[in-house]
Amino acid sequence: NFINDGTCHINNTDAAGGTFVHTIDFKRNFLNNGTFSGALDFQSGNLTAVAVNVSFTSSTQSQSISVTGGSVAMQNMSINNSFGTVTTGSTGFTVNGNWTVASNLTLGSGAITLSGTLTKTGGTLDATTNSSTLIISGTGSKSFTINASQTMNNITLNKSSGSWTVNGGAFSLSINGTFTRTAGPLAVNGGASFRYTSSGSLTYNGSSLTSGIEWPTSVSDAPKVVKFAPSSSATYTLNTSSLPVLTGGAVIVDGSTANPTVSGSGSIAYGSGAGLVYTGNTAHTVGLEWTASQSIDSVLVNNSAGITIASGSRYVNKVLTLTAGELKQPTAGDSLYLGGSL
């Protein structure tokens, strides 16, 4: 077992400057309660960058990656044990390079931040049992290559540049929790597809974004809940017609932190029993989420700053609920049609 209770910087002893890579191969468990990373050191006056590759390759027992405190940052990580399963814990860590999964891996609830590519070549990747979260960050286009259809729990796409592409023949990547798009586009390649399970949801929380394949057009692949929840005022552009929301699902326009504007030339197709929910405390003007041509089964207003329908009539098939804030319709001659109860 490797136990770090202090600070473990893997340094270089060569006098020349540059970037040096060291590899640590663990046959037992990894427990961190301090700081584990490569280091930037001065060696004979030269600034030396050290990258630490970490491999898990036990042939005799299952292994665990436990971060009980501090931080862990490695360059590349390889899971390639021939016995049992490697398990991560409830506190996350960072992989600054690439991550290869060639054997059984169970992800814990701690968020793992990945700046490089993720390649699955073998074994079983269990990302749902412990409600795991994978954060895709960094720069440049990167990918997730799968050798079989794969279900993930939560994924946050937050790339400052470049795209994130799912590769994998006719295999699908399914989201069982929430796919959050903060920055950067999602792509698929080589016949791969992207979809949601019946409980999967989609959240937009970055600055102004245009919807892409993260919102599938097939009802069988669509998210149950779609939320617009920016950290600063943002416009979300939907240019695809009939973007589906599953039966019993919802579109949530969350103005808790800032106002999200939903616009574009596309449209949202609400499934039977699906509703529209306004929450928060930032004033909002109704956009593409509720047009004059849409009939929505239920609308809930719970935004203390109020919701305004700038122009045109609106339809609610069944239930309109006013919990907080006003629903305003200031244009003379416009109507609000309610087919059920208030």
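For the structure, see preceding data.
In this report, the structure presented in the accompanying data block is examined. (Residues numbered from 1 in each chain as written. Predicted model: local features only at pLDDT ≥ 70, side-chain atom pairs only at ≥ 80, totals over all residues. Heavy atoms only, no water.)

### Regarding the pairing of strand 19 (residues 142-145)
Put simply, the test is: Between any two strands, at least two bridges found by DSSP are needed for them to pair. In this description a helix means any DSSP run of H or I spanning at least four residues, a strand means any run of E spanning at least two, and both kinds are numbered starting from the N terminus.
When strand 16 (residues 118-120) meets strand 19, the two strands line up parallel, connected through two bridges. Looking at the pairing, T119 lines up with T145 of strand 19. In this sheet, strand 22 (residues 164-167) lies alongside strand 19 in parallel orientation, the contact comprising four bridges. By the bridge assignment for strand 22, T145 is matched with N167.

### Side note on the sheet that holds strand 40 (residues 327-328)
An order of 36-38-40 is seen for the three strands of this open sheet, with the pairing classed as parallel. A single partner strand is all that each edge strand has here, and the edge strands are strand 36 (284-285) and strand 40. Examined bridge by bridge, strand 36 and strand 38 (residues 307-308) share two bridges and lie parallel to one another. Looking at strand 38, one finds that H284 is bridged to I307.

### Structural notes on the pattern of salt bridges
Inclusion rule: Take a side-chain nitrogen of Lys or Arg and a carboxyl oxygen of Asp or Glu: if they are within 4 Å of each other, that pair is a salt bridge. Categorising residues by exposure relies on relative accessible area from a 1.4 Å probe, with only protein chains included: less than 20% of the type maximum marks a residue as buried, more than 50% marks it as exposed, and the intermediate range marks it as partly exposed.
Applying the stated criterion across every chain yields a total of two salt bridges. Between R181 and E214 there is a salt bridge, with its nearest N and O atoms 3.2 Å apart. Here R181, found in strand 24 (residues 178-183), pairs with E214, found in the loop between strand 28 (209-210) and strand 29 (225-228); they are 33 residues apart in sequence, far enough to count as distant. R181 sits in the buried class, given a relative accessible area of 7%. According to the relative accessible area criterion, E214 is buried, its value standing at 1%. Between R195 and D221 there is a salt bridge; the shortest N-O distance is 3.1 Å. Residue R195 is located in strand 26 (residues 193-196), and its partner D221 is located in the loop between strand 28 and strand 29; the two are separated by 26 residues in the primary sequence.

### Some details on the packing of aromatic side chains
Convention followed: The rule is short: rings of Phe, Tyr and Trp, with Trp giving its six-membered ring, pair when the centres are within 6.5 Å, and they are stacked under 30 degrees, edge-to-face over 60, tilted in between.
Under the definition given, this model contains seven aromatic pairs. Judged by centre distance (5.5 Å) and plane angle (85 degrees), the ring pair of F194 and Y196 falls under edge-to-face. By relative accessible area, which is 1% here, Y196 ends up buried. Ring centres of Y204 and F228 lie 5.6 Å apart, and the angle between their planes is 10 degrees; this geometry places the pair in the stacked category. Residue Y204 is located in strand 27 (residues 201-204), and its partner F228 is located in strand 29; the two are separated by 24 residues in the primary sequence. Taken together, the ring pairs connect F179, F194 and Y196 into an aromatic cluster.

### What to know about the sheet that holds strand 26
Using the following cut-off: Under this scheme, a helix contributes an axis fitted over its contacting stretch, all axes are lines through C-alpha atoms, and angles between N-to-C directions fall in the 0 to 180 degree range.
Spatially, 20-23-26 is the arrangement adopted by the three strands of the open sheet, whose pairing is parallel. Among the strands making up the open sheet, the edge pair consists of strand 20 (150-152) and strand 26. Adjacent strand axes in the sheet meet at a mean angle of 25 degrees when their direction is disregarded.

### Considerations on the nonpolar core
What counts here: Definition used in this section: a nonpolar core is a set of buried Ala, Val, Leu, Ile, Met, Phe, Trp, Tyr and Cys residues joined via side-chain atoms within 4.5 Å. Should any heavy atoms of two residues lie within 4.5 Å, those residues are considered in contact.
W99, M152, W215 and F228 are the most contacted members of the largest nonpolar core, which has 65 residues in total. For this core, the element with the most residues is strand 37 (residues 295-303), which contributes three residues. Beyond its immediate chain neighbours, meaning those up to four positions away, F228 contacts Y204, W215, Y236, L238, V251, I252, V253, D254, P260 and V262.

### Thoughts on the environment of T321
Mapped onto the secondary structure, T321 falls in strand 39 (residues 314-324). In this view, T321 contacts V299, L300 and V301; residues no more than four positions away in its chain are not counted.

### Observations regarding the environment of T261
Within the fold, T261 resides in strand 33 (residues 260-263). Between the C-alpha atom of T261 and that of F228, which follows or precedes it by 33 residues, the distance is 8.6 Å. Residues in contact with T261, not counting those within four places in the same chain, are A234, T235 and Y236.

Such coordinate-based values are descriptive only and should not be taken to indicate function.
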